[in-house]
Amino acid sequence: MTRPEPVFEKDRHIKYWKRCHDTYLPSPYTASDSTRLMWACFTYSALDILHVPFDPEDVANVRTWVLNLQHPQGGFCGSPAHVYKGQAADQGHANLAATFFALVLLAVVAEHGEAGADAYAGVNRQQTLRWLRRLQRDDGSFGQNMWDGQPVGGRDTRHSYLASSVRWMLRGDPEKGSAAEEEDIDMESIIRHIRRGQTFDGGLAEASSHESHAGYAYCSVAALSLLDRPLRFSDGTSHEAVLRGTSDRDHLLKFLADRQFVYLAQDEEEEGVSHDAGEENFIMAQLDSLNIDDSCDYGGFNGRCNKKADTCYCWWAMGTLRMLDSGFDIGASPARRYLLEITQHRIGGFSKVAGAPPDLYHAYLGLAGLALLGESGIKEFDVGLCCSIETTAKIERARAGLIQRAEQDAQSEQEDRFWEQV
Amino acid sequence: MPPKKVPQKTGKLDPVWAKPEDLKKPETVGERTQQRINLSTPYHGKDLNDLTADELKIYSHTNLIKPISEGKISLSVKAEREFWKVVNKEKLPIRHVRDNYDWGKDKNGKDIASYTIEELNQRKVKQARYRALSLFSRQFVHLRDQAKRQGAELAETQIEDERKRRREMAALKKDLYGELTAKLVQDPVYDDIIPIPMEEPENALARIAYPDFYAEAISYLRAVMVAEEYTPRCLRITEHVISMNPAHYTVWLYRFKIIQVLDLPIPDEIEWLNEVALNNLKNYQIWHHRQLLLDYYYPKIADDEDAVKKLAKSEIDFVNQILAEDTKNYHVWSYRQDIVAKLGIWTVAELGSTQNMIEDDVRNNSAWSHRFYLVFSDPSQSTKDASPTEHDPKVPESIIERELKYTRDKILLSPQNQSSWNYLRGVLRKAGRGMSTEEGFASQFAECLGEEGEKVTSSHALEMLADASVETGDAEKATLCFTRLAKTWDPIREGYWQYRISQLKEQ
């Protein structure tokens with residue numbers, strides 16, 4: 001007997017995201033008040049990948065709100081709580097994650113085609129790229145913000161990823177000597193730093209002394225992949241930095257392939273109620289039951305060995321494999337069934353685990369996971385920047401527009417001076 | 001004979017139009033009001049045709065004197081005397097209670113008219129108390145300003161009294177009207193801070209239903225941060241903000257700076273942080289803050305061996321306390337790895353405490369990872385900065401053997417537990433030994449491969465057999481193992497196993 005195909009409840013997801021768009025996020029989100037730009041970006045990007053058009057008035061509002069978060073010395077602040085106006089404006093603090101989400105969000109709501117060349121109008125490219133360089137430490141890692149003239153925050157590869165992405169979104173490749181030319185980050189040291197993160201079991205972490213983690217693996221590999229990405233994504237990607245930044249590729253592939261496991265829906269559900277000891281581990285299937293035809297129904301993913309399944313690791317693990325050009329497929333159909341039948345929520349969105357309420361983070365990364373699996377009804381997805389390929393194209397145009405404007409401004413300034421001199 | 005009951009003289013005579021229910025003791029405020037309306041407006045609401053001539057007279061006189069008794073018409077002195085004479089004689093009511101009087105509702109939406117008289121009295125006492133307190137509070141501000149002008153400050157007791165007063169006022173306000181008073185304005189030490197609210201336009205993105213007074217706390221934090229003030233009161237503001245939003249990315253840095261500027265004892269801060277960490281298990285900033293504190297504190301005590309040992313012990317104790325509640329907390333384990341290196345905790349006790357966690361849950365991969373780090377990065381028995389996946393000749397053979405035995409024992413306990421298999425592979429790499437050296441051990445979990453009666457109790461053992469065969473160049477056996485994994489023993493990774501087979505062909 002074949003089971004019915006699981007259904008992607010697109011309309012419910014749209015409803016979920018529209019609700020997130022229209023109403024207040026519940027108070028537990030206060031703990032992520034400093035990353036409101038992330039929630040805003042997820043909301044608009046989710047609607048975008050679900051083919052929901054934006055209202056022009058709303059787009060203008062998004063632009064105003066986002067640009068208001070820009071710091072005069074480059075970068076974007078995470079939320080209005082970190083922004084000062086007037087004379088105190090310099091006292092706010094731009095944050096790397098916020099800057100990444102601001103740039104993606106401005107592109108998400110930008111117009112298609114040439115009209116989108118202005119999408120980054122108002123973004124202080126020069127200051128932001130200089131701020132980005134200041135955020136890099138001697139060991140190659142990046143801080144999340146500046147404090148007393150120093151980069152601060154952890155050294156993990158989330159920051160490497162965000163830095164590499166911001167660099168790709170803004171830097172471009174202006175001609176040597178052009179007014180838009182900006183000095184680059186230290187490429188060698190960022191690669192070295194990431195390379196030092198491979199652990200004894202082949203996975204990646206902030207440092208090889210830590211436990212391997214699929215989330216950090218994604219960040220490390222995506223950071224490397226974006227360092228090499230050509231200015232036009234459609235031109236294909238070089239793998240040089242990825243190869244140089246991962247010391248043992250085969251081992252890493254094994255670590256990533258191991259993130260998927262047979263998810264025993266019924267047993268997990270029962271254990272969820274009983275709260276037994278060892279609830280931190282996923283329930284292992286009996287090996288001799290695996291050859292029954294439908295035993296591979298659900299393919300859950302964890303981020304670390306033996307941990308329980310979690311929606312977002314479907315994205316982190318599959319995405320990393322995709323960027324590594326792994327040459328094999330993981331269990332796509334069980335992964336899809338897991339997402340759609342286990343954590344896809346009745347009211348739309350995805351929850352972290354079965355039975356939990358949906359939240360924006362898992363709702364977005366659930367969609368991202370499905371996008372990688374080629375779900376129809378979701379736009380084609382950029383595995384590196386975690387947005388639609390369309391948005392990536394808009395980023396490219398916006399960057400070109402920004403660079404062109406910088407060059408023109410410099411030229412007209414020069415011309416002005418010429419007349420002054422005459 | 002008992003004495004005859006004499007009706008008590010009340011000093012006022014009940015008007016003739018009073019109905020019995022108007023004279024009994026009222027239960028509720030509303031009832032009392034109704035009685036007063038009834039007594040002050042004779043025969044109101046009655047059909048005039050039903051009234052007797054006397055009643056009609058009283059009715060019309062009551063209405064006629066209204067404009068005069070209310071002062072709307074003024075009379076000559078003589079006429080006024082006449083007027084009052086008649087009023088007195090007929091006992092007409094000269095004041096009237098509005099018959100649509102609304103007592104309003106209390107904070108719970110309960111009509112105050114339904115209060116008992118006693119309840120209303122209590123409420124009035126509270127209102128009076130509130131008014132009195134506000135007067136004192138205003139006086140406090142006045143006195144403080146005066147003192148300040150003279151370059152003096154008020155006594156701490158006066159400030160404490162004011163703090164209590166404001167707390168009581170806040171409580172009364174909440175009790176009476178259900179209105180909440182913001183936290184920081186209740187403390188006079190913050191009076192001179194001019195809060196800088198965050199700008200939040202109506203159509204802002206990703207709006208959050210903030211808890212009460214989060215916006216207040218943030219606006220005070222913004223003000224003191226911009227003023228670059230580093231004082232104890234600012235420390236309390238940071239604590240207040242952290243209690244609502246521990247992931248705020250600059251509040252921790254600011255707090256750290258206050259500690260530096262005021263040169264506060266780091267152990268006190270760590271103790272405070274312990275509480276916060278226990279309440280926010282999944283938070284990352286807390287552990288980053290702890291790391292900053294340690295980086296700052298350690299050089300001060302680095303020369304004192306006992307002090308370092310004491311610190312190492314208290315840190316590990318706390319880490320263990322957290323891990324007892326959350327056995328795989330990633331931030332905590334990462335922190336543990338960092339302090340092992342920093343404070344030199346390459347001890348038997350540390351290995352033992354990690355081992356206990358593996359004994360409790362043999363699938364705790366965090367504990368296994370920590371063990372690997374402890375064993376193979378211990379500077380006394382390993383090469384500095386050696387890659388974790390490479391052969392390290394400096395690791396003593398006895399250690400390798402101990403680790404292999406330990407791991408094999410744990411595999412026998414739970415053959416399908418991948419953590420211990422990964423560990424085994426890791427040990428072999430460190431030892432510079434091939435997977436094939438464990439072929440004998442792994443074989444017991446995979447019998448009669450490819451034959452009738454095939455029995456596999458660990459897919460990881462089968463994978464190790466495959467890798468051993470790859471090593472020894474036995475492509476046929478490797479293919480068999482991979483195929484059996486793909487088809488039967490680990491079909492969810494079929495794509496990966498097929499890929500491994502295709503790799504064999506390339507070689």
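The model shown is predicted, which means the values in this text are computed figures rather than measured ones.

This next bit is on the overall build of chain A. Secondary structure assignment for chain A yields 15 helices and eight strands. For 422 residues, the compact-globule estimate of 2.2 N^0.38 gives 22 Å, and chain A sits close to it at 22 Å. By its C-alpha atoms, chain A is 90 × 45 × 40 Å across when sized along the principal axes. Here chain A holds 422 residues, and 62% of them are scored as buried. About 16,700 Å² of surface is accessible on chain A, with carbon and sulfur atoms providing 48% of the total. For chain A, the centre of its 42 positive side-chain charges and the centre of its 62 negative side-chain charges are spaced 2 Å apart.

This paragraph deals with the overall build of chain B. Across its full length, chain B holds 21 helices and two strands. For 507 residues, the compact-globule estimate of 2.2 N^0.38 gives 23 Å, and the C-alpha radius of gyration of chain B, at 42 Å, exceeds that figure by more than 25%. With respect to the three principal axes, the spread of C-alpha positions in chain B is 130 × 70 × 65 Å. Counting the 507 residues in chain B, one finds 46% classified as buried. Taking contacts inside chain B between residues at least 6 apart in sequence as the whole, the part at least 24 apart equals 60%. Total accessible area on chain B is roughly 27,200 Å²; 53% of this is exposed by carbon and sulfur atoms.

On to the domain arrangement of chain B. Residue and element names in this part refer to chain B. By the assigned domains, chain B splits into domain 1 (20-101), domain 2 (114-181), domain 3 (265-345), domain 4 (346-430) and domain 5 (434-507). Each of domain 1 and domain 2 has a C-alpha centre, and these two points are 42 Å apart. Taken together, the contacts link five residues of domain 1 with five residues of domain 2. Interface area for domain 1 against domain 2, summed over the two sides, is near 440 Å², with a carbon-plus-sulfur share of 65%. Looking at the side of domain 1 facing domain 2, the largest losses of area belong to Thr 28, Val 29 and Arg 32, adding up to 76% of the total buried there. Joining domain 1 to domain 2, the criterion identifies zero salt bridges. Linking domain 1 with domain 2 are one residue pair in polar contact (both at pLDDT 80 or more). In the side of domain 1 that touches domain 2, the residues fall into two nonpolar, one polar and two charged.

Attention now goes to the packing of aromatic side chains. Given two aromatic rings, their pairing is described by the distance between the two centres and the angle made by the two planes. Residue and element names in this part refer to chain A. Using the criterion set out here, one finds 41 aromatic pairs over all chains in the structure. Pairing Phe 261 with Phe 282 gives two aromatic rings, centres 3.9 Å apart and planes at 20°, and the pair type is stacked. In this pair, Phe 261 sits in strand S5 (residues 260-262) while Phe 282 sits in the loop between helix H11 (265-274) and strand S6 (299-301), placing the two residues 21 residues apart along the sequence. Accessibility classification places Phe 261 together with Phe 282 in one group, the buried group.

Bringing the interface of chain B and chain A into the picture now. The interface of chain B with chain A comprises 71 residues on the first partner and 85 residues on the second. Counting the surface chain B buries against chain A, the share from its top three residues, Leu 205, Tyr 249 and Tyr 330 of chain B, is 14%. For the salt bridge of Arg 36 of chain A with Glu 200 of chain B, the shortest nitrogen-to-oxygen distance reads 3.0 Å. Applying the counting criterion to the chain B and chain A interface returns 38 residue pairs in polar contact (both at pLDDT 80 or more). Residue assignment for the side of chain B that touches chain A shows that the elements contributing at least two residues are helix H7 (214-226), helix H9 (251-262), helix H13 (330-343), helix H15 (365-376), helix H17 (418-431), helix H19 (459-472), helix H20 (475-489) and helix H21 (494-506) of chain B. With seven residues, H17 of chain B is the single largest residue contributor to the side of chain B that touches chain A.

A word on the confidence of the model for chain A. Summarising the model, chain A shows a mean pLDDT of 92, and 94% of its residues fall at 70 or more. A low-confidence stretch, residues 274-278 of chain A stays under pLDDT 50, and its non-local contacts, those more than four residues away or across chains, total two contacts.

Okay, the environment of Gln 260 of chain A next. On the secondary structure map, Gln 260 of chain A appears in strand S5. With a relative accessible area of 1%, Gln 260 of chain A lands in the buried category. Here the alpha-carbon distance between Gln 260 of chain A and Tyr 313 of chain A, two residues 53 residues apart in the chain, equals 9.0 Å. Filtering out sequence-adjacent residues up to four positions away, Gln 260 of chain A remains in contact with Gly 299, Gly 300, Phe 301, Ile 330, Gly 331, Pro 334 and Ala 335 of chain A together with Ile 492 and Arg 493 of chain B.

Turning our attention to the nonpolar core. Grouped together as the largest cluster of nonpolar side chains are 235 residues, with contacts concentrated most on Trp 17, Leu 37, Leu 105, Tyr 120 and Trp 315 of chain A. When sequence neighbours within four positions are dropped, the list of residues in contact with Trp 17 of chain A reads Phe 42, Thr 43, Ala 46, Leu 47, Leu 50, Leu 360, Ala 363, Tyr 364 and Leu 367 of chain A.

What follows is about the domain arrangement of chain A. Residues and elements named next belong to chain A. Taken domain by domain, chain A holds domain 1 (12-23 + 32-123 + 389-422), domain 2 (129-201 + 210-244) and domain 3 (259-385). Between domain 1 and domain 3, the residue contacts involve 20 residues of the former and 20 residues of the latter. Carbon and sulfur atoms make up 68% of the area that domain 1 and domain 3 hide from each other, which totals about 2,000 Å². By the criterion of area lost to domain 3, the three top residues of domain 1 are His 13, Tyr 16 and Ile 49, representing 31% of everything that side buries. Counting every contact that joins domain 1 to domain 3 gives two salt bridges. Across the pair Asp 48 and Lys 379 runs a salt bridge whose closest N-O atoms are separated by 2.6 Å. Counting across the domain 1 and domain 3 interface gives eleven residue pairs in polar contact (both at pLDDT 80 or more). Put simply, the parts of the chain that give the side of domain 1 that touches domain 3 at least two residues each are helix H1 (10-22), helix H2 (36-49) and helix H15 (389-421). Here the side of domain 1 that touches domain 3 is built from residues that sort into eleven nonpolar, five polar and four charged.

Conventions and cut-offs
Residues numbered from 1 in each chain as written. Chains lettered and ligands numbered in written order. Predicted model: local features only at pLDDT ≥ 70, side-chain atom pairs only at ≥ 80, totals over all residues. Heavy atoms only, no water. Helix = DSSP H or I, 4+ residues; strand = E, 2+ residues; numbered from the N terminus. Rg over C-alpha atoms; globule rule 2.2 N^0.38 Å. Buried < 20%, exposed > 50% of the residue type's maximum accessible area, 1.4 Å probe, protein only. Areas by Shrake-Rupley, 256 points an atom, 1.4 Å probe, with all protein chains shown as cover. Lys, Arg positive; Asp, Glu negative; His and termini not counted. Charge placed at Lys NZ, Arg CZ, Asp CG, Glu CD. Contact = heavy atoms within 4.5 Å. Domains from an automatic or database assignment. Buried area = accessible area lost by both parts, 1.4 Å probe. Salt bridge = Lys/Arg side-chain N within 4 Å of Asp/Glu carboxyl O. Polar contact = N/O pair within 3.5 Å; in protein donor to acceptor, adjacent residues only side chain to side chain. Nonpolar A, V, L, I, M, F, W, Y, C, P; charged D, E, K, R; others polar. Phe/Tyr/Trp six-rings, centres within 6.5 Å; stacked < 30°, edge-to-face > 60°. pLDDT = per-residue confidence, 0-100. Core = buried A, V, L, I, M, F, W, Y, C linked by side-chain atoms within 4.5 Å.

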